[in-house]
Amino acid sequence: MQRGGSGTRAGTGSRTDSDRAAPAVRVLGGALLAFHLSLVSWLMLRPLSVPWVYSANVRPLATIDRILLTDPVAGSRTIGTELLLLAPLGVLLPLLAGRLDASALGSFTRTVFCGAAVSFGIECWQTQVPGRVFDVDTVILNAVGVAVAHLLVVPGTRSRLRRRRTTRHRVPRDLAPAPAATPVAAPPRPGSQDVLAVRAPAISYEVAAHLHRGM
């Protein structure tokens, strides 16, 4: 029983190891994530020297409506910038986790939630920075950018990596062990005991018939 239990645990451990990406890939993901967050923090938490700023916005889509009505071109550029600001998190967070067999819905939900939490934290921190205010529309646009980047990259990449892993562990037919051949008994050699044993009943029958005719 103890041996079977250890085998089960070993099998579970091997499945867990194969479910995760290589440690080097996860380290790379962590390094890129740290670099990206440092860059975002430097861009979004710098003090701005402006004569005045809008008041904090806690009403969804209010800022988006305002900038699009004021200047559609500049407003579209601002919206695109906010979408791209945290979009790399949609790829870097799953890369840091390194799970190939994660649920698509669960991975998407966790990634978008983490991206929105990071954006919300930055916006709250901006209230202490001169020239910056909290804007809920920025959180919405950042979260949408994370979601779009995740959907465009992560599911397809995981699917290709799973197929490659399955192909690598599959044994080719030409390398598979051939079935063992059934041994075939060789015919008895002339003069051997097997031949004598087969001929003995026939010889005894001939002797008995000759004695019967003599009587």
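Model, not experiment: these values are computed from the prediction.

Student: What exactly am I supposed to notice about the packing of aromatic side chains here?
Tutor: Here the distance between the centres and the angle between the planes together describe a pair of aromatic rings. Considering all chains together, one arrives at two aromatic pairs under this definition. Taking the centre distance of 5.1 Å and the plane angle of 70° together, the rings of tryptophan 52 and tyrosine 54 count as edge-to-face. Overall, the relative accessible area of 57% leaves tryptophan 52 in the exposed class. Judged by its relative accessible area of 43%, tyrosine 54 is partly exposed. Between the aromatic rings of phenylalanine 120 and phenylalanine 134, the centroid separation amounts to 5.8 Å while the plane-to-plane angle is 80°, which identifies the pairing as edge-to-face. Pair noted here: phenylalanine 120 is in helix α6 (residues 104-126) and phenylalanine 134 is in the loop between α6 and α7 (136-169), with a separation of 14 residues, a long-range link. Phenylalanine 120 gets classed as partly exposed once you look at its relative accessible area, which sits at 43%. The positively charged end of arginine 46 is found above the aromatic ring belonging to tryptophan 42, 4.5 Å away from the centroid. Sitting over the face of the ring of tyrosine 54, arginine 66 holds its NZ or CZ atom 3.6 Å from the ring centroid.

Student: What is the right way to look at a positive patch on the surface in this model?
Tutor: A cluster of basic residues, Arg160, Arg163, Arg164 and Arg168, forms a positive patch on the protein surface. Following the sequence through the fold, arginine 164 ends up in helix α7.

Student: Sorry, what's going on with the pattern of salt bridges here?
Tutor: Side-chain pairs of opposite charge can arise where the charged atoms are in close proximity. Evaluation of the coordinates by the stated rule reveals one salt bridge. Between arginine 165 and aspartate 101 there is a salt bridge, with the nearest N and O atoms lying 3.2 Å from each other. Placement of the pair is arginine 165 in helix α7 and aspartate 101 in the loop between α5 (89-97) and α6, with a sequence separation of 64 residues.

Student: Help me understand the nonpolar core, please; the structure alone is not making it clear to me.
Tutor: Buried together is how nonpolar side chains tend to be arranged in soluble globular proteins. Of all hydrophobic cores here, the largest spans 11 residues; its members are Leu33, Val40, Met44, Leu45, Leu85, Leu86, Leu89, Leu92, Ile122, Val129 and Val146. Elements with a minimum of two residues in this core: α2 (23-44) and α5. Counting residues per element, this core draws most heavily on α2, which supplies three residues. If we ignore the near neighbours within four places in the chain, the residues touching valine 40 are Leu85, Leu86 and Ile122.

Student: Sorry, what's going on with the packing of α5 against α6 here?
Tutor: Think of two packed helices as two axes; the pair is described by the angle between the axes and how far apart they sit. The contact between α5 and α6 brings their axes to 9 Å, and the two run at 120°. When the axes of α5 and α6 are compared, the crossing they make is right-handed. From α5, Leu89, Gly90, Leu93 and Pro94 reach across to α6, where they touch Ser107, Thr111, Cys114, Gly115 and Val118. Looking at side-chain class alone, the contact of α5 with α6 contains five nonpolar, four polar and no charged residues.

Thresholds, definitions, all that
Residues numbered from 1 in each chain as written. Predicted model: local features only at pLDDT ≥ 70, side-chain atom pairs only at ≥ 80, totals over all residues. Heavy atoms only, no water. Phe/Tyr/Trp six-rings, centres within 6.5 Å; stacked < 30°, edge-to-face > 60°. Buried < 20%, exposed > 50% of the residue type's maximum accessible area, 1.4 Å probe, protein only. Helix = DSSP H or I, 4+ residues; strand = E, 2+ residues; numbered from the N terminus. Lys NZ or Arg CZ within 6 Å of the ring centre and 35° of its normal. Patch = residues over 30% accessible without salt bridge, like charges linked within 9 Å, V, L, I, M, F, W, Y side chains within 5 Å. Areas by Shrake-Rupley, 256 points an atom, 1.4 Å probe, with all protein chains shown as cover. Salt bridge = Lys/Arg side-chain N within 4 Å of Asp/Glu carboxyl O. Lys, Arg positive; Asp, Glu negative; His and termini not counted. Charge placed at Lys NZ, Arg CZ, Asp CG, Glu CD. Core = buried A, V, L, I, M, F, W, Y, C linked by side-chain atoms within 4.5 Å. Contact = heavy atoms within 4.5 Å. Axes fitted to C-alpha atoms, helices over the stretch in contact; angles between N-to-C directions. Left-handed = near helix turned anticlockwise from the far one by under 90°. Nonpolar A, V, L, I, M, F, W, Y, C, P; charged D, E, K, R; others polar.

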